[in-house]
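Tertiary structure, described
Next come the chains, spelled out residue by residue.
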Amino acid sequence: MPKQETGLARTARLLDLVPYLTTHQGIAITELARTFNTTVKEITDDLNTLWMCGLPGYTPLELIDLEFESGFVSIRNAETLAAPRALDRAEALSIYMGLDLLAAELSGSSVSLAAEIANLQEQLRSHLISAPQVQIEASLRSEFRALILRTIRRRGWLEITYHSAANDLVTKRQVAPYELSQSGSHEYLQGYCDSAKAIRNFRADRIVEIAEIADQLWPSNQIAADQEAIEYEVRIHAASRQVREVLPQLSADSATATIQGFSASWISRAILSLGGQVEATGPSEIRAAVRARAKAALENYH
Amino acid sequence: MSRKNERLVNLTIALLATKRYLTKNEIFRNIEGYDGSTESKERMFERDKDDLRKLGIQIEVGGLDPLFDDEAGYRIRPESYALSLRNLTPTQVTLLSLAAQAWQDAAFTDLSQQALRKLTSIGLDTDSSQLPVMAPKLIGADEKLRSALDALTSLTTIEFDYLNVDGIAQKRQLQVYGVQARKSHWYLIGLDTEKSAIRNFRVDRIFGEVSSVGKSQSYVIPTNFEIAELEPAIETPVAVLQVRPGAGYQLRRMATTIETADDWDLLELPIFDLAYMTSLVLWHGDDVIVSSPLQLRNAVFSALEKLVAIHA
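Another aspect to go through is the sheet that holds strand β1 (residues 27–28) of chain A. Residue and element names in this part refer to chain A. If you trace the three strands from one edge of the open sheet to the other, you get β1-β3-β2, paired in antiparallel fashion. What marks the edges here is a single partner per strand, and that holds for β1 and β2 (65–67). Bridging between β2 and strand β3 (residues 72–76) involves three bridges; their strand directions are antiparallel. From the neighbouring strand, Leu66 faces β3, where its bridge partner is Ile75.

Okay, here's the thing in structure tokens:
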């Protein structure tokens, strides 16, 4: 979210413009505005302000010399500010965490890159007052994400090896990916699944392997998400945090609820995993399935 | 506003360029923008110093000359002002820019972009030939995480409502020491000031907003603090599970050893959290039998009895 710009943010931008222009002589004003995430008018105001700045004396000899009437910016006589400013702690932390993610997403595939990342993190640590501890685990390998995004752009197909928790099966499916999106803490791949002949959602962290498929036609007749919602009723015996997390649709203080699910197998496994904190009261098939599963599991211990 | 910005830039330039300390009088006399009475100039200068410090610019005070009156002088050391990442290889520049991209649409977007602009201002070449095609992304990094990270960088205590295991929101105060992204969730680790103990909190279990309490720089992170040590790696109890061949994919991924047999495979896996392991075993229904420990076996057994009883 872009925040309301404070005067100080403007000062920071003025200071940061100088080194950027120094190494990007002749950059178009429009591009400069984009890079600094602001408007051409704001950037032009900035340039007009900088033009009045310089060393004490403030004669043309001391002032920063800017040329931007042509729509392209060049800068001279700004050596004092030419070095980019040090990263502040928050900036250093953001890069530090990003590097941590890179290391995790590379997951040990390259020793030399891991060493380069470690070296950078070591250098960044000096920007952080007391080295804060960061540890990031990747939810999807970076190469996979790059491949998915590329395939979405060129409307291609992927063969994904996927673990479905509801069926506890690992299967290969051919998918035309539409979108990679975030919902809550998870990332999802949405696409047309050729095995199901319908649009399906796949949780990114359950994707085991991805490969590109060449020359398969983009599904022209996309059947909408046809997964029939199954409505089921539950009674809450203990409104614990776990219950709320497994069934986020539950309202806060009601002891009973009607919920929609998409797979009978998922629903009964979910109720089972809650170990009696939630009771499936209907429909009778779901209730019977929960009972049957629990009974069968209990048999194992007799 | 523009005049003030101009003055701040001019002040920065003058303090950076000087080889010796500049006294306040020299500053008022030579740097454009200081007008009015002596008091108003003084006030202006105090505010300007504060502002520059807020931008992370360190103003050094010193140069008391015993031969003259002891008026303090000011300067900014170029080596503290400038970015100190040195000898970056083109591959490293690419890595830094990928690291900044990871925050796209996430909590730290603006900061990482600002950092990236500074880094690209060095004017170094990038080289991505040594890298696989990557699209890193930090998932689930929302406003709450941003507040916590701001608190971590400014060392400000935070307060929030946290959902406990019974599903009840409780007010907690935390001095954030570190953050962790594990199993698709963000965790804050730090000192729970009321309990006086190190605790971790899952960010999505925070209810409502994260607010700051008191001033910045109000605590220090103990130098011996290590997230890695919080991992219950050493004395983790081990679960021994019998799993039907072909079933229990997730359990197999977590397992440290797998012994295959005809009817049941034997898996050993660490129990980081008994409640989590219990529900994971339950999820798998009759495909899994707990052999040991007894505690897990009993937890699963009584949960199953209860399930059968309430669904009778």
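All names here are of chain A. Inspection of the secondary structure puts Ala229 in the loop between β9 (207–213) and β10 (230–236). Residue Ala229 is classed as exposed on the basis of its 10 C-beta neighbours within 10 Å. In this structure, the C-alpha to C-alpha distance between Ala229 and Ile259, residues 30 residues apart in sequence, is 9.6 Å. Aside from chain neighbours lying at most four places away, what touches Ala229 is Gln260 and Phe262.

What the domain assignment lists for chain A is domain 1 (7–81), domain 2 (88–138), domain 3 (144–213) and domain 4 (230–299). If you average the C-alpha positions of domain 1 of chain A and of domain 2 of chain A, the two centres end up 32 Å apart.

What follows is about the nonpolar core. One finds A:Ile95, A:Leu99, A:Leu102, A:Ile207, B:Ala99, B:Ala148 and B:Leu188 to be the most contacted residues of the largest nonpolar core, which totals 116 residues. Considering every element that reaches this core, the biggest residue donor is helix α4 (residues 89–106) of chain A, with 11 residues. Ignoring anything within four residues of it in the chain, the contact list for B:Leu188 reads B:Ala148, B:Leu174, B:Val176, B:Val179, B:Asn200, B:Phe201 and B:Val203. In this structure, A:Ala270, A:Ala280, A:Ala294 and B:Leu304 belong to the second largest nonpolar core, which totals 35 residues.

Our next topic: helix α11 (residues 294–310) of chain B. Residue and element names in this part refer to chain B. In this model, α11 (17 residues) spans 24 Å end to end at C-alpha, consistent with the 24 Å of a helix rising 1.5 Å per residue. By the burial criterion, the buried members of α11 are Leu296, Ala299, Val300, Ala303, Leu304, Leu307 and Ile310. The arc enclosing the buried residues of α11, seen along the axis, measures out at 135°, which places them on a common side. Across from the buried face of α11, at angles greater than 90 degrees, the exposed residues are Leu294, Asn298 and Ala309.

Thresholds applied
- Residues numbered from 1 in each chain as written.
- Chains lettered and ligands numbered in written order.
- Predicted model: local features only at pLDDT ≥ 70, side-chain atom pairs only at ≥ 80, totals over all residues.
- Pairing = 2+ DSSP bridges.
- Helix = DSSP H or I, 4+ residues; strand = E, 2+ residues; numbered from the N terminus.
- Buried ≥ 20, exposed ≤ 12 C-beta atoms within 10 Å, placed from the backbone.
- Contact = placed C-beta atoms within 7 Å.
- Domains from an automatic or database assignment.
- Core = buried A, V, L, I, M, F, W, Y, C linked by C-beta atoms within 7 Å.
- Expected span 1.5 Å × (residues − 1).
- Arc of directions from axis to C-beta.

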